[in-house]
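Close look at the chain arrangement
One letter stands for each residue in the lines below.
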Amino acid sequence: MRQTIPFSAALRWAALLICALQLPAAPARAQRLIQKAETVPAGELWLSPGDALQVRLTGAPGGRATFLNGRPLIELPPAQAGGKRGVYQATYVVQPADTLGGAAGRPLWLHLRLPDGRRDSLPTPAPVRLLSPDQPLLAVTRTTLAHLNYGLGDDRLGGAKLGYLDSLVVLHVVGRVAGQYRVRLAEGHYAWLPLERARLLPPGGFVPASLTGSWSVQGDSAYDYVRVPLSQRLPYRSQILENPTRLVIDVFGATSNTNWITQRTGLQALGAVYYEQPQADIFRLVLPLRHRQSWGYHLGYEQNTLVVRVSRPPARLQLRGLRVALDAGHGGSNVGAVGAGGAREKDLTLAIVRQLQQELERRGAQVVLTRTADESLDMAQRVALLQRQRPALLVSVHVNSAGSAAARGTSAFYRYVAFRPLAAALYGRMQQTGLPGWGLVGNFNFALNGPTDYPNALVETAFISNPEDEKILSDPAQQQQMARRIADGIQDFLKSARARGVRGWLGRRPAEQ
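Since the structure is predicted, the reported quantities are computational estimates derived from the model, not experimental observations. (Residues numbered from 1 in each chain as written. Predicted model: local features only at pLDDT ≥ 70, side-chain atom pairs only at ≥ 80, totals over all residues. Heavy atoms only, no water.)

Approximately 1,200 Å³ is the volume attributed to the largest pocket. Around the largest pocket, the lining is made up of 46 residues, and of these Gly163, Tyr164, Arg415, Tyr416 and Gly450 lie nearest the centre. Listing elements by their share of the lining of the largest pocket, those giving two or more residues are strand S12 (161–165), strand S20 (236–241), strand S26 (297–302) and helix H3 (379–389). Considering each element in turn, the lining of the largest pocket owes the most residues, 6 residues, to S20. (1 Å grid on protein atoms, 1.4 Å probe; cavity = no way out; pocket = protein on both sides within 12 Å on 5 of 7 lines; lining within 4 Å. Points joined across faces, edges and corners; volume = space filled by probe spheres on them. Helix = DSSP H or I, 4+ residues; strand = E, 2+ residues; numbered from the N terminus.)

Take a look at the structure:
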């Protein structure tokens, strides 16, 4: 049955509706005075006493910004803030008695108050945690390819690397920024370790340290070895220095208790080894090399004994019988650079490497390839394969690319100065293809240039981003010419090493010369 509303009730509803329409709209949410609150650098922070906590607030200009119970932030002049107003910054040095976010960490709150009384507060996106010096935080490396970085810088090749470490090396963690731990190696020496390369240990451990035992030096049929006993696996850094040629290894956290060094017969690569103690917690091995050209070395642990395996020169410094490793860059899902004409780096590198393999085998070399087909292999897989195969040297073949089509030419890259002669020989020969020289590049932070086990170099044959170079790279005849020139470059390197020969300085200390 249909119902009707009484006339009086209808009037009341109409009056209420008119009043509602006349009411002012609900006030809009107040605009935020702070657009951004952040730590610098950004990301989760773990700090130790003495570290600098840097914060930045971006918001309305002309206010009073604070953090940590009223500590002020300074508003920067626009000239110091990229032309912007309302950028506030402050630095606070962490004190031993500070708690901040406690053991677990929490975001920091930054506050802003304007002269008209308006206020706003905003937390940092990531937490800040304080580490206690009374409870050392320790970590161990996960893999044999763990690496330490100098700092927090990064690009497509990763951060600049201080060096690589064996697995289960113990490190003292004293901080963190985003995805990297800050580790204390020794007094005044720090580095950065990617989180994925390590795992934290349960609390209760001591800061890593060890006395050294007396060590032995001996050779077998293939290598010379140095063995230094320690009580635990400590971090290290190594480099080859020239004039005279010597391998220098710093073991962090180690102090000498070495009372003798036994040097047995059979040594071919090493001269008279000795050690130094440059500071109380750095033990330095000095290993003079008999040959001016280093043929590589490997560092690792057997139990808690640091073992240095030093490679000898090939028995005959010629291609015949020499084990040469070749790497065709990219492959599989990793296409690499692509030219305007459609040429792909992964195809070109494999084509050149196949030609180079035939050329080297024709000259009597034994060739090891990291890939033989269009397959996906990451850098860790390639390095692991090469370290198992133990070649005399490695050449990695790539094609270059640039944002401008004008860039063209050939180049060669190396990381360690000891391996520069190989890169220089390849670079010189590649210019004989008619390609202009683009440059010889050192300290190249590429994964395959990282191992110290064997001389290695990378050849950027030509620029695929340049139309003229792309045509050259795609021409099978030109690929064959490149292969011949790279093989010539390897022979030049061997000839140079043969000419330099055994150095006259066989390991005497400078004072004894």
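In this section: the environment of Arg142. Tracing the sequence through the fold places Arg142 in the loop between strand S10 (137–141) and strand S11 (146–149). Counting along the chain gives 53 residues from Arg142 to Leu195, while the straight-line C-alpha distance between them is 9.9 Å. Look past the residues within four positions of Arg142 in its chain and what remains in contact with it is Ser167, Glu196, Arg197, Ala198 and Arg199. For Arg142, the side chain forms a polar contact with the main-chain oxygen of Ala198, separated by 2.9 Å. (Contact = heavy atoms within 4.5 Å. Polar contact = N/O pair within 3.5 Å; in protein donor to acceptor, adjacent residues only side chain to side chain.)

So, on to the sheet that holds strand S21 (residues 246–252). As summarised here, the arrangement of the 4 strands in space is S20-S21-S25-S24, forming an open sheet in which the pairing is antiparallel. Either end of the sheet is taken by a strand with one partner, and the two such strands are S20 and strand S24 (274–279). Each strand of the sheet is rotated relative to its neighbour by a mean of 20 degrees, with strand direction disregarded. (Pairing = 2+ DSSP bridges. Axes fitted to C-alpha atoms, helices over the stretch in contact; angles between N-to-C directions.)

Turning our attention to the confidence of the model for the protein chain. The predicted model of the protein chain has a mean per-residue pLDDT of 92, with 91% of residues at 70 or higher. Of the regions scoring below 50 in pLDDT, residues 13–28 engages in 0 contacts with residues more than four places distant in sequence or in other chains. (pLDDT = per-residue confidence, 0-100.)

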